[in-house]
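# Working through the structure, step by step
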Amino acid sequence: MDTEKLSDKELERYSRQIMLDEVGQDGQLRLKNAKVLIVGAGGLGSPAAMYLAGAGVGTIGIIDADEVSLSNLQRQILHNYEREGINKAVSAKRTIEALNENIRVHVYPCELTIDNAPDIIEGYDFILDCTDNFRSKFMINDVCVLLGKPFCHAGIQGFSGQVMTYTGGDEPCYRCIFGDVPDEDSVPAPSSNGVIGAVAGVIGSIQALEAIKFIVGTGELLTGKMLTFDALTMKARIAAFHGRNSECKVCSTVHGGI
């Protein structure tokens, strides 16, 4: 794949975003040269992967250890009923390569663990936390902060969702805001809650937007703040946070105290 210029087909394929002043050919080249890792090929990872592939992000990594099941299809639009029993990362690769043949897709059909996370995450420019459990969310946060990797967190439940982005500046990380992994008995795991599929579509699309804006270098990211969305009332709210938490276990390690 030639990363130095855009082909005539690429100029045509991406014409509707290249014409935007905020993108242009330079921005499209940045997208072509970018590497984004999606952790979780489920409800959030599905729309995120589709829109990143459609936008022309040159390299997309997808990690997921689970297999496609019938109950996934209500919201996980990367998959279909013919792929029941297939690893989700493998299924995701098939879908987005069919959408855009000009991109590279790296598949990790395994669980992201503290042992493999640093090596996998190190190879990417931006990380999307599309997981459905607290342990993974805290681990992604900690590894990204320690490696200086920007990432976008999201979570969904019922008719609501939330999104925040971290880029390594003075803004708080996920652990700054939420502290430690909650006890299993104190808070229901996100994966055990019901959710409307379209909410996953909305929130996952916002994650893709955050990645695109970061890569292109335009707009205002959700750094130092969290967007919450209530689909029942169609109200969105942005809560701002005031800097890093002085007691954050990971930020204090990276920044040597705050």
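Calculation rules
Residues numbered from 1 in each chain as written. Predicted model: local features only at pLDDT ≥ 70, side-chain atom pairs only at ≥ 80, totals over all residues. Heavy atoms only, no water. Helix = DSSP H or I, 4+ residues; strand = E, 2+ residues; numbered from the N terminus. Rg over C-alpha atoms; globule rule 2.2 N^0.38 Å. Buried < 20%, exposed > 50% of the residue type's maximum accessible area, 1.4 Å probe, protein only. Areas by Shrake-Rupley, 256 points an atom, 1.4 Å probe, with all protein chains shown as cover. Arc of directions from axis to C-beta. Contact = heavy atoms within 4.5 Å. Core = buried A, V, L, I, M, F, W, Y, C linked by side-chain atoms within 4.5 Å. Axes fitted to C-alpha atoms, helices over the stretch in contact; angles between N-to-C directions. Parallel < 35°, antiparallel > 145°, perpendicular 65-115°, else oblique. Left-handed = near helix turned anticlockwise from the far one by under 90°. Nonpolar A, V, L, I, M, F, W, Y, C, P; charged D, E, K, R; others polar. Pairing = 2+ DSSP bridges. Right-handed = clockwise from strand over helix to strand, strands pointing away. Patch = residues over 30% accessible without salt bridge, like charges linked within 9 Å, V, L, I, M, F, W, Y side chains within 5 Å. Salt bridge = Lys/Arg side-chain N within 4 Å of Asp/Glu carboxyl O.

All right, on to the overall build of the protein chain then. Along the backbone of the protein chain there are 10 helices and eight strands. For the protein chain, whose C-alpha radius of gyration is 18 Å, the value lies close to the compact-globule estimate of 18 Å for 258 residues. Taking the principal axes of the C-alpha coordinates as reference, the protein chain spans close to 50 × 40 × 40 Å. The buried share of the protein chain, reckoned over its 258 residues, is 47%. Total accessible area on the protein chain stands at roughly 12,300 Å², and carbon and sulfur atoms take up 51% of it.

We now examine helix α3 (residues 24-33). Among the residues of α3, those classed as buried are Gly-24, Gly-27, Gln-28, Leu-31 and Lys-32. Looking straight down α3, one finds that the buried residues subtend no more than 145 degrees of arc, so they occupy a single side. The elements touched by buried residues of α3 are α1 (8-13), α2 (15-18), α4 (45-55) and α9 (197-216).

Attention now moves to the nonpolar core. Formed by 41 residues in total, the largest nonpolar core has its most connected members in Leu-52, Val-57, Ile-60, Ile-62, Ile-96, Leu-128 and Ile-203. Every element with two or more residues in this core is listed here: β1 (35-39), α4, β2 (59-63), α5 (88-99), β4 (126-129), β5 (151-157), α9 and β7 (225-230). No other element matches the nine residues that α9 contributes to this core. Not counting the four nearest positions on each side in its chain, Leu-128 is found in contact with Val-36, Leu-37, Ile-38, Val-39, Ala-48, Leu-52, Cys-152, Gln-207 and Ala-211. Counting residues in each nonpolar core, the second largest holds 25 residues, with Ile-63, Leu-112, Val-143 and Cys-173 among its members.

In the contact formed by α4 and α5, the axes pass within 9 Å of each other and the chain directions differ by 30 degrees. The pairing of α4 with α5 is recorded here as roughly parallel in orientation. Where α4 crosses over α5, the handedness of that crossing is right-handed. Taking contact as the criterion, the partners of Ala-49, Met-50, Ala-53 and Gly-54 in α4 are, on α5, Thr-95, Ile-96 and Leu-99. Split into classes, the residues belonging to the contact of α4 with α5 amount to five nonpolar, two polar and no charged.

This paragraph deals with the pairing of β2. For β2, the tally of buried residues reaches five of five residues, placing the bulk of the element in the interior. A two-sided burial pattern is seen for β2, the buried positions comprising Thr-59, Gly-61 and Ile-63 on one face and Ile-60 and Ile-62 on the other. Across five bridges, β1 lies against β2 in parallel orientation. Within the sheet, the bridge partner assigned to Val-39 lies in β2 and is Ile-63. Between β1 and its parallel partner β2, the chain crosses via α4, and the hand of that crossover is right-handed.

By the criterion of burial, α4 is predominantly enclosed, with eight of the 11 residues buried. Taken as a whole, α4 has its buried residues at Gly-45, Ser-46, Pro-47, Ala-48, Ala-49, Leu-52, Ala-53 and Ala-55. The first or second residue beyond α4 is Gly-56, which carries a positive phi of 95 degrees.

A surface patch of nonpolar side chains, amounting to about 280 Å² of accessible area, comprises Phe-159, Ile-196 and Leu-232. Here Phe-159 is to be found in the loop between β5 and β6 (160-166).

One open sheet holds the eight strands; their spatial order is β3-β2-β1-β4-β5-β6-β7-β8, and the pairing between them is mixed. If you trace the sheet from one side to the other, it starts and ends with β3 (104-108) and β8 (235-240), each paired once. Strand-to-strand, the axes of this sheet are offset by a mean angle of 15 degrees, without reference to chain direction.

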